[in-house]
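Observations on chain architecture
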Amino acid sequence: MFYYFSKIFWFFIQPLNLTIFLLLAGLIAAMIGRRRLAVTGSVLAFLVLALSAWTSLGAVMLNPLEERFPKPPLPQKVDGIVVLGGGFEGAINLARGGYELNSGGDRMVETAILARRFPQAKVVVSGGNGSLLFEGEGDADTAPRLLEALGVAADRLILEDKSRNTYENAVFSRELVKPKPGETWLLVTSAFHMPRAKALFDKAGFPTVPWPVDYRTSGKEGIGLFQDNPSDSLQATTIAVREWIGLFAYWLSGRIDRPFPAPGSGEGSAASL
């Protein structure tokens, strides 16, 4: 139920869709003679779109997430690497059979680099098709084609292809791997996603060393106008809003212990270092 509710809620609340719904509400209000409501809906729609696309709001919201878990020194010994899905163009790869990367593709590239650096480490790719409406190939189905092409042997891969969200990434990976005490596992995901991912893996009893990649901010952004192109600014705002809402939703539902997890706050986080 949580999965379906979260998908439906996000469909309505993400900035671009929210703008459309506010404009639609304003249009309907104008048609029935409710001029004040029509103006309110139109103004709100303009503000949502303008703040999302023309300002650095998205970057400012993303930066605290990206700074929360700095990349640590690389451990001398790594038993395994867990990479979370979200780096492939699922619909295109389903149709064409390739391994097209999206803006989160750094997750897979970094995983291949780490796998070559630690040739004895197992590699877990966690990610099914998390879309409610669209068909696409899950990252765990696509990843072997890319990783094997980059020199990672197939017998090192552990594929978790059932998860639809980060909570299921953590739970299903834990069940599949059954990590042993004293083992060191790297958790690879986008820097903005690491607070939620690390907290969920801790909660699931899977100690990991956070290894953030796919940074979207320089760390030097301030409030301002037209600091990036509108489409990238809109994407940054959309990602930031989704991640902050996700953190609070997972906290309120009891899936994580703190609304803004920090290093050292989860169970087992020190044991993996």
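What counts and what doesn't
Along each chain, the written sequence defines residue order, and numbers are assigned to residues from 1. Two thresholds apply to this predicted model, a pLDDT of at least 70 for residue-level local features and 80 or more for giving and counting side-chain atom pairs, whereas whole-chain, interface and lining totals are computed over all residues. The basis for every side-chain value is the complete set of heavy atoms in the structure, and neither hydrogens nor water enter the calculation. Here a strand is any run of E in DSSP of at least two residues, a helix any run of H or I of at least four, and the numbering for each starts at the N terminus. Every radius of gyration here is taken over C-alpha atoms, with the globule rule written as 2.2 Å times N^0.38, N being the number of residues. Relative accessibility decides the category of a residue: with a 1.4 Å probe and only protein chains considered, values under 20% of the type maximum give buried, values over 50% give exposed, and everything between is partly exposed. Contacts: residue pairs with any heavy atoms within 4.5 Å of one another. Under the convention used here, a 1.4 Å probe and the Shrake-Rupley method define accessible areas, while residue burial counts only the protein chains that appear. Strand pairing is assigned whenever DSSP detects at least two bridges linking the two strands. Angles run from 0 to 180 degrees between N-to-C directions of axes, and those axes are lines fitted to C-alpha atoms, restricted for helices to the stretch in contact. Note: crossing handedness is left-handed where the near helix turns anticlockwise from the far helix by less than a right angle, and right-handed where it turns clockwise. Amino acid classes used here: Ala, Val, Leu, Ile, Met, Phe, Trp, Tyr, Cys and Pro are nonpolar; Asp, Glu, Lys and Arg are charged; the rest, including Gly, are polar. We call two N or O atoms a polar contact when they sit within 3.5 Å, provided that within protein one can donate a hydrogen and the other can accept it, with sequence-adjacent residues counted only if both atoms are side-chain atoms. Nonpolar core, defined: a set of buried Ala, Val, Leu, Ile, Met, Phe, Trp, Tyr and Cys residues in which side-chain atoms within 4.5 Å join the residues together. One fewer than the residue count of a helix, multiplied by 1.5 Å, yields its expected span. We define a salt bridge as a contact between a side-chain nitrogen of Lys or Arg and a carboxyl oxygen of Asp or Glu at a distance within 4 Å.

**Quick word on the overall build of the protein chain**
A count of helices and strands for the protein chain gives ten helices and five strands. A compact globule built from 273 residues would reach a C-alpha radius of gyration of about 19 Å, and the protein chain, at 20 Å, matches this within 12%. Overall, the protein chain is about 70 × 40 × 35 Å in size when its C-alpha atoms are taken along their principal axes. Within the span of the protein chain, comprising 273 residues, buried residues form 45% of the whole. Long-range pairs, those at least 24 residues apart, make up 74% of the contacts in the protein chain with a sequence separation of at least 6. For the protein chain, the computed accessible surface area is about 14000 Å², with 62% contributed by carbon and sulfur atoms.

**Focus: the sheet that holds strand β1 (residues 80-84)**
Spatially, β3-β2-β1-β4-β5 is the arrangement adopted by the five strands of the open sheet, whose pairing is parallel. In this open sheet, the two edge strands, each paired with only one partner strand, are β3 (157-160) and β5 (209-213). Averaged over neighbouring strand pairs, the angle between their axes works out to 20° when direction is ignored. Taken together, the four bridges between β1 and strand β4 (residues 185-190) define a ladder with parallel strand orientation.

**Comments concerning the packing of helix α1 (residues 2-13) against helix α10 (residues 230-252)**
The interhelical angle for the contact between α1 and α10, taken along N-to-C directions, is 145°, at an axis separation of 12 Å. As α1 packs across α10, the resulting crossing turns out to be right-handed. Between α1 and α10, the residues in contact are F2, F9, W10 and I13 and T238, V241, R242, I245, A249 and Y250, respectively. Split into classes, the residues belonging to the contact of α1 with α10 amount to eight nonpolar, one polar and one charged.

**Topic: the side chain of D79**
Along the chain, D79 turns up in the loop between α4 (57-68) and β1. At a separation of 2.7 Å, a polar atom in the side chain of D79 contacts the side chain of K77. A distance of 2.8 Å separates the side chain of D79 from the backbone nitrogen of T184, its partner in a polar contact. What D79 contacts, discounting residues up to four positions off in sequence, is Q120, A121, K122, G182, E183, T184 and W185.

**What to know about the nonpolar core**
Formed by 24 residues in total, the largest nonpolar core has its most connected members in L62, V82, L187 and F201. Those elements giving two or more residues to this core turn out to be α4, β1, α8 (166-177), β4, α9 (194-203) and α10. The residues contacting L187, other than those within four sequence positions of it, are V82, L84, M194, A197, K198, F201, T208, V209, P210 and W211. F88, M108, A121 and V125 belong to the second-largest nonpolar core, a separate cluster that totals 23 residues.

**Describing the side chain of S233**
Relative to the helices and strands, S233 is located in helix α10. On the basis of relative accessibility, which here comes to 7%, the residue S233 falls in the buried class. Those residues in contact with S233 that sit more than four places away from it in its chain are S52, A53, T55 and D228.

**Observations concerning helix α6 (residues 106-117)**
Side chains three or four residues apart in an α-helix point the same way, a direct result of the helix having 3.6 residues per turn. Given a rise of 1.5 Å per residue, twelve residues ought to cover 16 Å, and the 16 Å separating the end C-alpha atoms of α6 matches this to within 8%. Check the buried side of α6 and you find it contacts β1, β2 (122-126), α7 (139-149), β4 and β5.

**Quick look at the environment of K77**
Looking at the element boundaries, K77 is found in the loop between α4 and β1. For the pair formed by K77 and F118, sequence separation is 41 residues and the distance between their alpha carbons is 7.7 Å.

**Brief notes about the pattern of salt bridges**
Enumeration according to the criterion identifies seven salt bridges in this entry. For the salt bridge of K198 with D202, the shortest nitrogen-to-oxygen distance reads 2.7 Å. Of this pair, K198 and D202 are both found in helix α9, four residues apart, which corresponds to roughly one turn of the helix. Grouping residues by exposure puts K198 and D202 together as buried.

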